[in-house]
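Chain residues, written in single-letter form:
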Amino acid sequence: EAVMTQSPATLSVSPGESATLSCRASQSVTSNLAWYQHKPGQPPRLLIYGASTRATGIPARFSGSGSGTEFTLTISNLQSEDSAVYFCQQYNNRPPWTFGQGTKVEVK
Amino acid sequence: QVQLQESGPGLVKPSETLSLTCSVSGGSISSYYWTWIRQSPEKGLTWIGFIYSTGSTIYNPSLNGRVTISLDTSKNQISLRLTSVTAADTAVYYCARGFYGDYQDAWGQGTLVTVSS
């Protein structure tokens, strides 16, 4: 199973700016990668699956890219409500699936 | 919109069995995969296993056969049992839904379970 490594651990950005989050796999997961947003006290929310397909209702400000071992989540025009932990998950081949440790985004 | 809610004891003694229930509202549990995931500061997010609505299951081998996930379709609930718990099983436990057993499109808020005497 692939080990998922996210960077940076924390990202502080100003409203209106963009943020680029990285997720790296220890072995190829092809395009079988999802991104989630997790705010305190709320359930995690699916943002992206298939590395680049936005889930239902996710604004176009959120975009995913990459394949193989290198993936990126880009959040454009950051807003205060985007403050959250973002984590990636690979689901390639067969379970068990594995997750990154998360990137905390602070918008201030 | 589907909602998932985990429930169960917040404190379990070492060597005993952890039992949690996920109640699903706003939708049927049929034709979906139902996954349990846990999160601890030490290990981060760990995929525990899933069950399909037919009852077929896959578990994480790292849990050494201690896991059982089951369905109660009459109550729209999914259950998790983890036997012989230790302090390493202390975590927030989430249930989640997926169409294909891979990524999860709906999650519960999670419930904290502490293993301690």
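See the structure above.
Thresholds, definitions, all that
- Residues numbered from 1 in each chain as written.
- Chains lettered and ligands numbered in written order.
- Predicted model: local features only at pLDDT ≥ 70, side-chain atom pairs only at ≥ 80, totals over all residues.
- Heavy atoms only, no water.
- Helix = DSSP H or I, 4+ residues; strand = E, 2+ residues; numbered from the N terminus.
- Rg over C-alpha atoms; globule rule 2.2 N^0.38 Å.
- Buried < 20%, exposed > 50% of the residue type's maximum accessible area, 1.4 Å probe, protein only.
- Contact = heavy atoms within 4.5 Å.
- Areas by Shrake-Rupley, 256 points an atom, 1.4 Å probe, with all protein chains shown as cover.
- Lys, Arg positive; Asp, Glu negative; His and termini not counted.
- Charge placed at Lys NZ, Arg CZ, Asp CG, Glu CD.
- Disulfide = S-S within 2.5 Å.
- Core = buried A, V, L, I, M, F, W, Y, C linked by side-chain atoms within 4.5 Å.
- Polar contact = N/O pair within 3.5 Å; in protein donor to acceptor, adjacent residues only side chain to side chain.

### Structural notes on the overall build of chain B
- Counting secondary structure elements, chain B contains zero helices and eleven strands.
- For chain B, the succession of helices and strands along the chain, N to C, is β-β-β-β-β-β-β-β-β-β-β.
- The C-alpha radius of gyration computed for chain B amounts to 13 Å, which stays within 12% of the reference 13 Å derived for 117 residues, consistent with globular compactness.
- By its C-alpha atoms, chain B is 40 × 25 × 25 Å across when sized along the principal axes.
- By the burial criterion, 44% of the 117 residues in chain B qualify as buried.
- Taking contacts inside chain B between residues at least 6 apart in sequence as the whole, the part at least 24 apart equals 51%.
- Element-wise, carbon and sulfur atoms account for 47% of the exposed surface of chain B, whose accessible area totals about 5,400 Å².
- When the 7 positive and 7 negative side-chain charges of chain B are each reduced to one mean point, those points stand 6 Å apart.

### Brief notes about the overall build of chain A
- Along chain A, the regular secondary structure elements total zero helices and eleven strands.
- Reading chain A from its N end, one meets helices and strands in the order β-β-β-β-β-β-β-β-β-β-β.
- Considered along the principal axes of its C-alpha atoms, chain A spans approximately 40 × 25 × 25 Å.
- The contacts of chain A with a sequence gap of at least 6 include a subset with a gap of at least 24, amounting to 58%.
- Summed over all atoms, the accessible surface of chain A reaches about 4,800 Å², with 46% contributed by carbon and sulfur.
- Separation between the mean location of the 8 positive side-chain charges and that of the 6 negative ones in chain A comes to 4 Å.

### Quick notes on the state of the cysteines
- On inspection of all chains with the given rule, the structure shows two disulfides over all chains.
- What pairs with Cys23 of chain A in a disulfide is Cys88 of chain A, and their sulfur atoms sit 2.1 Å apart. Measuring the twist about the S-S bond at about 75 degrees, one finds the Cys23 of chain A-Cys88 of chain A disulfide to be right-handed. Here the residue Cys23 of chain A occupies a position in strand β3 (residues 19–25), and Cys88 of chain A occupies one in strand β9 (residues 84–90), the gap between them amounting to 65 residues. Each of the two residues, Cys23 of chain A as well as Cys88 of chain A, counts as buried.
- Residue Cys22 of chain B pairs covalently with Cys95 of chain B via a disulfide, S to S 2.0 Å. Across the S-S bond linking Cys22 of chain B and Cys95 of chain B, the dihedral sits near 60 degrees, which makes this disulfide right-handed. Placement of Cys22 of chain B in strand β3 (residues 18–25) and of Cys95 of chain B in strand β9 (residues 91–98) is noted, with a sequence separation of 73 residues between them. In this structure, Cys22 of chain B and Cys95 of chain B share a single accessibility class: buried.

### Here's the deal with the nonpolar core
- Among the nonpolar cores identified, the biggest contains 41 residues, and Leu21, Trp35, Leu47, Leu73, Tyr86 and Val105 of chain A together with Trp107 of chain B are the most heavily contacted of them.
- Setting aside chain neighbours within four positions, we find Leu21 of chain A in contact with Ser7, Leu11, Trp35, Phe71, Thr72, Leu73, Ile75, Tyr86, Thr103 and Val105 of chain A.
- Formed by 26 residues, the second largest nonpolar core is a distinct cluster that contains Ile51, Leu63, Val85 and Ala106 of chain B.

### A few points about the side chain of Thr46 of chain B
- Looking at the secondary structure, you find Thr46 of chain B in strand β5 (residues 44–52).
- Take Thr46 of chain B: its relative accessible area is 17%, and that puts it in the buried class.
- For Thr46 of chain B, the contacting residues outside a window of four places in its chain are Phe99 of chain A together with Trp36, Ile37, Arg38 and Asn60 of chain B.

### Observations regarding the environment of Ser62 of chain B
- Along the chain, the position of Ser62 of chain B falls in the loop between β6 (57–59) and β7 (67–72).
- A polar side-chain atom of Ser62 of chain B sits 2.9 Å from a polar atom in the side chain of Asn60 of chain B.

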